[in-house]
Amino acid sequence: MLSPKLLIIGSVWPEPNSSAAGSRMMQLIAAFHKANYQITFATAAADSEFSVDLASIGVNKAHIQLNSASFDTFVAQLKPQVVIFDRFMTEEQYGWRLSESCPEALQILDTEDLHCLRAARQNAWKAGKAFQISDLLTEEVAKREIASILRCDLSLVISAFELDLLQNWFKIEPSLLLYLPFMLEQLPADFAEKIPSFEHRKHFISIGNFLHQPNWQSVLHLKNKIWPLIRKRLPQAEIHIYGAYPSEKVFQLQQPKEGFIIKGRAENVNAVMQNARVCLAPLLFGAGLKGKLIDAMQNGTPNVTTAIGAEAMHGNLAWPGQIENDVEKFADAAVALYQNKDLWMQKQALAYPIINQIYSKTAGERALLNNIGKLLSTLQQHRQQNFLGAMLRHHQLNSTKYLSKWIEAKNKSQQLD
């Protein structure tokens, strides 16, 4: 039997050292590579100096175009059995073309996180009010994202909170969803003995891609509200702010005399995390799972975060740090972790069961591949049970299709002129 062909349509080339989304994508690629899939990664995005060398790991690269019939030819020649859309926007752009050119291909949406949840929380934060689940009903992104989920044969959901939201609020059939958190290597029982100890660490760390609004606002919150309280009690301590794609406005926040140091991109996340004693992540809004907190757990760095930061990250297990929304309590927790070795070690040890029980690479890969195998053998029946999806695909073909063809014709006309 020939190895099945997998096409991943990315919004960008994967950058695992820049974002949790990039790490997540590489975890998916690794799972399919292990199962001997023939993998092609395609995107309309420009090349990036920070992206993974996909060719070196046996993944074919393809540059595709938006609103172009060249994609139809490309996918008809490739004939993939499985297609993964990286975020709902790529499904909107290419899903209808795929349905026309390769109607038998299994279509999977990797949600990354629920964009509508993040957008609604951000809008509530901007308005200075508490977020309510009902806010999603007025969110345009929600209508688009849920429609995309319904059109696909399966959607990968990274957060248990978001899985519950989709099933119980949006009433999505469980057969259309697969809970698939980060897939990580197990931590050895003696992992704390192999990394720097409390005495060999100093200062605080904050990390996150600066292009991501939750991260940027978190840094501003640290700078303006939280760090002054910590620095007053720990005058020798510093906080090192790391993140990919820092702009000039980010570097303008630097205040060495106050111990607020902008470091920019971290060349080695594990190294900088293991040098720090405490990780701070005062997120004010957001969705999905937080890569920075996974990095902290994997490197034995206790953290202080908010309820948003810890959401769906630890199941029923104790948190390896402290969860505080109040500014003063957040600062108190940070200082306590920084000064109290016994407390620090106690919290550090709590990362072990979380990584090994919730983020098992073996369990995640098995769930993903088994689910896809089952769907490939029952796809026609599966689709017959999803009438809403069929209806939405029909209307998408009659709306998005002709808008895209109009843009394509307009682009050709401009090239002729």
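Structure shown above.
Residues numbered from 1 in each chain as written. Predicted model: local features only at pLDDT ≥ 70, side-chain atom pairs only at ≥ 80, totals over all residues. Heavy atoms only, no water.

Draft legend 1. A look at the overall build of the protein. Regarding its fold elements, the protein presents 18 helices and 13 strands. The C-alpha radius of gyration of the protein comes to 23 Å, within 12% of the 22 Å expected for a compact globule of 417 residues. The principal-axis extent of the C-alpha atoms belonging to the protein is close to 65 × 50 × 45 Å. Across the 417 residues that make up the protein, the buried fraction comes to 53%. For the protein, the share of sequence-separated contacts (at least 6 apart) that also reach a separation of at least 24 residues comes to 73%. Accessible surface computed for the protein: about 19,100 Å², of which carbon and sulfur atoms make up 52%. (Helix = DSSP H or I, 4+ residues; strand = E, 2+ residues; numbered from the N terminus. Rg over C-alpha atoms; globule rule 2.2 N^0.38 Å. Buried < 20%, exposed > 50% of the residue type's maximum accessible area, 1.4 Å probe, protein only. Contact = heavy atoms within 4.5 Å. Areas by Shrake-Rupley, 256 points an atom, 1.4 Å probe, with all protein chains shown as cover.)

Draft legend 2. The pairing of strand β10 (residues 260–264), seen in detail. Within β10, four of the five residues are buried, which leaves the element mostly enclosed by the surrounding structure. Of the pairings in the sheet, the one linking strand β9 (residues 239–242) to β10 comprises four bridges and is parallel in character. What sits directly across from Ile-241, in β10, is Ile-262. (Pairing = 2+ DSSP bridges.)

Draft legend 3. Expanded view of the packing of aromatic side chains. The tally for this structure, following the rule as stated, stands at 11 aromatic pairs. If you follow Lys-223 out to its NZ or CZ, it ends over the ring of Phe-260, 5.9 Å from the centre. The ring of Tyr-245 carries Arg-265 above its face, with NZ or CZ at 5.1 Å from the centroid. (Phe/Tyr/Trp six-rings, centres within 6.5 Å; stacked < 30°, edge-to-face > 60°. Lys NZ or Arg CZ within 6 Å of the ring centre and 35° of its normal.)

Draft legend 4. Region of interest: the side chain of Arg-87. With respect to the helices and strands, the residue Arg-87 is situated in the loop between β4 (82–86) and α3 (88–101). Side chain to side chain, Arg-87 and Ser-11 meet in a polar contact 2.6 Å long. Excluding anything up to four places from it in sequence, Arg-87 contacts Ser-11, Ala-21, Leu-109, Asp-110, Glu-112 and His-115. (Polar contact = N/O pair within 3.5 Å; in protein donor to acceptor, adjacent residues only side chain to side chain.)

Draft legend 5. Expanded view of the nonpolar core. Among the nonpolar cores identified, the biggest contains 36 residues, and Ile-9, Phe-85, Ile-149, Leu-166, Phe-170 and Ile-172 are the most heavily contacted of them. Secondary-structure elements contributing two or more residues to this core are β1 (5–10), α2 (70–78), β4, α3, α4 (115–126), α5 (140–151) and α6 (160–168). Looking at this core, the element that brings in the most residues is α5, giving five residues. Once you skip the residues sitting within four places of it in the chain, Ile-149 turns out to touch Leu-109, Thr-111, Leu-114, Ser-155, Leu-166, Ile-172 and Leu-177. Formed by 28 residues, the second largest nonpolar core is a distinct cluster that contains Leu-234, Ile-239, Ala-333 and Tyr-338. (Core = buried A, V, L, I, M, F, W, Y, C linked by side-chain atoms within 4.5 Å.)

Draft legend 6. A look at the side chain of Ser-155. Within the element layout of this structure, Ser-155 appears in strand β6 (residues 154–157). Residues in contact with Ser-155, not counting those within four places in the same chain, are Leu-109, Thr-111, Ile-149, Leu-176, Leu-177 and Leu-178.

Draft legend 7. Unusual backbone geometry, seen in detail. Of note, the phi angle at Glu-112 is positive, near 70°, even though the residue is not glycine. By the secondary structure assignment, Glu-112 is in the loop between β5 (106–110) and α4. Taking relative accessible area as the criterion, Glu-112 reaches 8% and is therefore assigned buried.

Draft legend 8. Fine view of the sheet that holds β4. Strand order in the open sheet formed by seven strands is β3-β2-β1-β4-β5-β6-β7, and the pairing between neighbours is parallel. Pairing within the sheet leaves two strands with one partner each, and these edge strands are β3 (60–63) and β7 (177–179). Between one strand and the next, the sheet's axes are offset by a mean angle of 20°, whatever the strand orientation. Two elements, β1 and β4, share four bridges in a ladder whose sense is parallel. Counted as the bridge partner of Leu-6 is Val-82 from β4. Strands in contact with α6 are β6 and β7; relative to β7, the strand with the most contacts, it is inclined by about 160°. (Axes fitted to C-alpha atoms, helices over the stretch in contact; angles between N-to-C directions.)

Draft legend 9. Molecular detail of the environment of Phe-260. Here Phe-260 is to be found in strand β10. Between the C-alpha atoms of Phe-260 and Arg-231, which are 29 residues apart in sequence, the distance is 9.3 Å. With residues near it in sequence (within four places) discarded, Phe-260 still touches Val-219, Leu-222, Lys-223, Trp-227, Ile-239, Ile-241, Leu-253, Gln-254 and Gln-255.

Draft legend 10. How the structure looks around the pattern of salt bridges. Inspection of every chain in the model, using the stated rule, returns 15 salt bridges. Its salt-bridge partner being Arg-118, residue Asp-113 comes within 3.3 Å of it at the nearest N-O pair. Here Asp-113 and Arg-118 have matching classes, each one buried. Where Asp-135 meets Lys-129, a salt bridge forms, and the shortest distance between an N and an O atom there is 3.1 Å. (Salt bridge = Lys/Arg side-chain N within 4 Å of Asp/Glu carboxyl O.)

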